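The chain contents come next:
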Amino acid sequence: MHPAAIASVGLALAGLAACGAADEAGAPDENFAPDYRGAEVRMLDAELIQVLVAMKGARGIADVEDHARCVAAGQAQARGQGFLRHLRTNVARRAGLWQGDAIYTMSAALPRGLRTIDAAVTVRDCRKQGIPTI
């Protein structure tokens, strides 16, 4: 095969891979109509919070996790904390109602670890997406 043809095939494959990534990243779903059924935040200690959320119309676990993260970020900001570290989230679905139970640590400074969340950035993004933050 001619080198120019090989380069062209490589570019086409790269373009297809980019399209797949864009689709996986989630183009806006026009049919997505979440029904947020409330949230409860429990202080487990001065820096540890539990977030309980419920919603209908979730597309899957990620939507419930997003809801919990948005509430946690709003709670962190309300308490003057700039950052969160996600510890765990449990998700269950019963009779069409999705429920999430998540635990986060809050701190003024960026915590150690890989699963850190900037509360201000997250709250801004959640508001743009219409996800409740408190």
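Keep in mind the model is a prediction, meaning the values are calculated, not measured.

## A word on the overall build of the chain
Assigned secondary structure in the chain consists of 3 helices and 5 strands. For the chain, the succession of helices and strands along the chain, N to C, is α-β-β-α-β-β-β-α. Residue burial in the chain is summarised as follows: out of 134 residues, 30% are buried. Look at the contacts in the chain between residues 6 or more apart in sequence, and 62% of them connect residues 24 or more apart. Carbon together with sulfur atoms contributes 54% to the accessible area of the chain, which is approximately 8300 Å² in total.

## Thoughts on the side chain of Thr-89
Looking at where Thr-89 falls in the secondary structure, it is placed in strand β3 (residues 83–94). Those residues in contact with Thr-89, other than ones at most four positions away along the chain, are Glu-65, Asp-101, Ala-102 and Tyr-104.

## As for the pattern of salt bridges
For the structure on display, the rule yields 6 salt bridges. For Arg-59, the salt bridge is made with Asp-63, and the minimal N-O distance between the two is 2.9 Å.

## Observations concerning the packing of helix α2 (residues 61–78) against helix α3 (residues 119–129)
The contact between α2 and α3 brings their axes to 8 Å, and the two run at 130 degrees. It follows from the interaxial angle that α2 and α3 lie oblique. Seen from above, α2 lies across α3 with left-handed handedness. Between α2 and α3, the residues in contact are Arg-69, Cys-70, Ala-73, Gly-74, Ala-76 and Gln-77 and Ala-119, Ala-120, Thr-122, Val-123 and Cys-126, respectively. A breakdown of the residues in the contact of α2 with α3 according to their chemical character gives 7 nonpolar, 3 polar and 1 charged.

## As for the nonpolar core
Membership of the largest hydrophobic core comes to 19 residues, with the highest contact counts inside it found for Ile-49, Val-51, Leu-84 and Tyr-104. If you list the elements that add at least two residues to this core, you get β2 (48–56), α2, β4 (97–107) and α3. Ranked by the residues each element gives to this core, the list is headed by α2, at 6 residues. Not counting the four nearest positions on each side in its chain, Val-51 is found in contact with Glu-40, Val-41, Ala-68, Val-71, Ala-72, Gly-100, Asp-101, Ala-102 and Tyr-104.

## Brief notes about unusual backbone geometry
The backbone phi angle of Ala-95 is positive, close to 50 degrees, even though this residue is not glycine. Tracing the sequence through the fold places Ala-95 in the loop between β3 and β4. On the basis of relative accessibility, which here comes to 79%, the residue Ala-95 falls in the exposed class.

## Examining the pairing of strand β1 (residues 35–43)
Relative to β2, β1 runs antiparallel, the two sharing 7 bridges. The partner of Arg-42 across the bridge, within β2, is Gln-50. Here β1 folds back onto β2 in antiparallel fashion, the turn holding 4 residues.

## Remarks on the packing of aromatic side chains
Under the counting rule described, the total for this entry stands at 0 aromatic pairs. Seen from the ring of Phe-32, Arg-59 lies directly overhead, with NZ or CZ sitting 3.6 Å from the centre.

## Description of the sheet that holds β3
Reading across from one edge, β1-β2-β4-β3-β5 is the order of the 5 strands in this open sheet, with antiparallel pairing throughout. Each edge of the open sheet carries a strand with a single partner, namely β1 and β5 (116–118). Sheet twist, expressed as the mean angle between neighbouring strand axes with direction ignored, is 30 degrees. Running at roughly 135 degrees to β2, α2 makes contact with β1, β2, β3, β4 and β5 of the sheet. α3 contacts β3 and β5 of the sheet and is inclined by roughly 70 degrees relative to β5.

How each quantity is defined
The written sequence of each chain sets the order in which its residues are numbered from 1. A pLDDT threshold of at least 70 governs which residues receive local features in this predicted model, and a stricter bar of 80 or more applies before side-chain atom pairs are shown or counted, although totals over entire chains, interfaces and linings include all residues. The side-chain figures draw on all heavy atoms in the structure; neither hydrogens nor water molecules are used. The numbering of helices and of strands both runs from the N terminus, where a helix is a DSSP run of H or I of at least 4 residues and a strand a run of E of at least 2. Burial classes: relative accessible area under 20% of the type maximum marks a residue as buried, over 50% as exposed, and values in between as partly exposed (1.4 Å probe, protein chains only). Here, two residues are considered to be in contact whenever any of their heavy atoms come within 4.5 Å of each other. Note on areas: Shrake-Rupley with a 1.4 Å probe; residue coverage comes only from the protein chains shown. Salt bridge, as used here: a side-chain nitrogen of Lys or Arg that lies within 4 Å of a carboxyl oxygen of Asp or Glu. Think of each axis as a best-fit line through the C-alpha atoms, taken over the contacting stretch in the case of a helix, with angles from 0 to 180 degrees between the N-to-C directions. Each angle is binned into one of four classes, with values under 35 degrees roughly parallel, values over 145 roughly antiparallel, values of 65 to 115 roughly perpendicular, and all other values oblique. Throughout, a crossing is termed right-handed when the near helix is turned clockwise from the far one, and left-handed when it is turned anticlockwise from it by less than a right angle. Ten residues, namely Ala, Val, Leu, Ile, Met, Phe, Trp, Tyr, Cys and Pro, are considered nonpolar, four, namely Asp, Glu, Lys and Arg, are considered charged, and the remaining ones, Gly among them, are considered polar. We define a nonpolar core as any set of buried Ala, Val, Leu, Ile, Met, Phe, Trp, Tyr and Cys residues linked to one another through side-chain atoms lying within 4.5 Å. Paired strands, in this sense, are two strands between which DSSP finds at least two bridges. Here a Phe, Tyr or Trp ring, Trp counted by its six-membered ring, pairs with any other such ring whose centre lies within 6.5 Å, and the pair is stacked when the planes are under 30 degrees apart, edge-to-face when over 60, and tilted otherwise. Comment: the charge-over-ring label is applied if NZ (Lys) or CZ (Arg) is within 6 Å of the ring centre and within 35 degrees of the ring normal.

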